[in-house]
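Examining the three-dimensional arrangement
What follows is each chain in one-letter form.
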Amino acid sequence: MSQTVTAAHEPLLRIAKREGTTLPQKILVRAIAILLALVVDALFIFFVTGLNPLSVYGVMWNGTFANTTRFNWMLRDLSILLCVGIALAPAFKMRFWNCGGEGQILVGGLVSALIMVYLGSNLPAPLLFAAMAIGSMAAGALWAFVPAWFKARWNTNETLFTLMMNYVATSIVACVTNIMRGQASSLGTLNKATKAGWFPIILGQRYTINIIVVFVLMFAMYGYLKYLKQGYEISVVGESENTARYAGINVRKVTIRTMMLSGLICGLCGFLIVAGKDQTISTTSAGGRGFTAIIVAWLAKFNTFSMALISFLLVFLERGASEIASAYSLNEYAADIITGIILFFILGSEFFINYRVIPRGAHKEGK
């Protein structure tokens, strides 16, 4: 009788953590997720907008691959997003939820812009670029140090702290740029006449240096997290602070050091935006990449090479949505729904990669 009652109250489905998922299995699950997303998108496109789904997908493809110029623009945007993802990777691997990448980019870009404007005519190009890079990295690291120190000292909530720092950084940039523009209607392009502080044109593009720097960073961060002692300490602290302390690791030191590294690279990203992309600074210079990069870092499980693929997908979707809105005169929300559905399925596929659903009684049969 008791066995019957127990069986009756046993849940129909049980969720268990999946162990040992192989790379081909992960690729297969994500491929299936994307295909299902395309099917759902096709239904939305046909029944809501009345457009031909295949034509819409073709327009999305053209947003990146229609010509060399668009492909180069994609590489430009990908390099910036990937740079922020690389910056967040060590902090996230340590389970320090750095949601302040936006602010760290802005303060780094602001310092870089100030050095560009006020020292551009006094320093030769190599020294100017060095000063801009060092200044932006120092600013980003300092901005990240504040929440890291409070976390290490008083165990404050790093998510809320870093988010609030974003608003402070945005206000500082708004204040300083208003002072810099004086009576002008906008700040505009900096050093437009002299081009001091602008990256040189290489292979026909001014942002070629951005791509090279981020490419090097991708390999450097992978090696740092996987092979160096500091990367090992980050992993241990992320798994268990108590275990780290038992192993003799200074958790406070690792927390502050890792977060400052994260901020330093975000600050460097601000420098790349100012010198190699926009040649100016504004409250929108970060462009939401500090938040988008959270998706990049999390989906890639802090593997910088996987981050490159995910960054490409996100930039491809972003540019595709813009192209759809332009080609079919759709409002931006309809285009964002199309890309949002794809992202939803990709994020949902993580559940099936990390967990498995077991029907009632399957565990008794050895399944």
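Right, let's walk through the structure included here. (Residues numbered from 1 in each chain as written. Predicted model: local features only at pLDDT ≥ 70, side-chain atom pairs only at ≥ 80, totals over all residues. Heavy atoms only, no water.)

The next point concerns the layout of surface pockets. When its volume is computed, the largest pocket comes out at roughly 1200 Å³. If you go around the largest pocket, you meet 40 residues; those closest to its centre are R30, L299, A300, I310 and E350. For the lining of the largest pocket, the secondary structure elements donating two or more residues are α2 (23-49), α3 (53-65), α9 (229-239), α12 (289-299), α13 (304-327) and α14 (332-354). Element by element, the count of residues in the lining of the largest pocket is highest for α13, at 8 residues. The residue inventory of the lining of the largest pocket, partitioned by class, reads 23 nonpolar, 7 polar and 10 charged. Quantified by volume, the second largest pocket comes out at close to 500 Å³. In terms of lining residues, the second largest pocket is bounded by 24 residues, among which G287, R289, T292, L314 and E318 are the most central. Among the secondary structure elements, those contributing two or more residues to the lining of the second largest pocket are α4 (68-93), α12, α13 and α14. It is α13 that provides the largest number of residues to the lining of the second largest pocket, a total of 7 residues. Considering only residue class, the lining of the second largest pocket consists of 9 nonpolar, 8 polar and 7 charged. (1 Å grid on protein atoms, 1.4 Å probe; cavity = no way out; pocket = protein on both sides within 12 Å on 5 of 7 lines; lining within 4 Å. Points joined across faces, edges and corners; volume = space filled by probe spheres on them. Helix = DSSP H or I, 4+ residues; strand = E, 2+ residues; numbered from the N terminus. Nonpolar A, V, L, I, M, F, W, Y, C, P; charged D, E, K, R; others polar.)

Below, the discussion takes up α13. Helix length check: α13 (24 residues) gives 34 Å between terminal C-alpha atoms against 34 Å at 1.5 Å per residue, within 8%. The opening residue of α13, the one whose side-chain oxygen lies 2.9 Å from the backbone nitrogen of F305, is N303. Immediately downstream of α13, the backbone of S329 shows phi near 55°, a positive value. (Expected span 1.5 Å × (residues − 1). Polar contact = N/O pair within 3.5 Å; in protein donor to acceptor, adjacent residues only side chain to side chain.)

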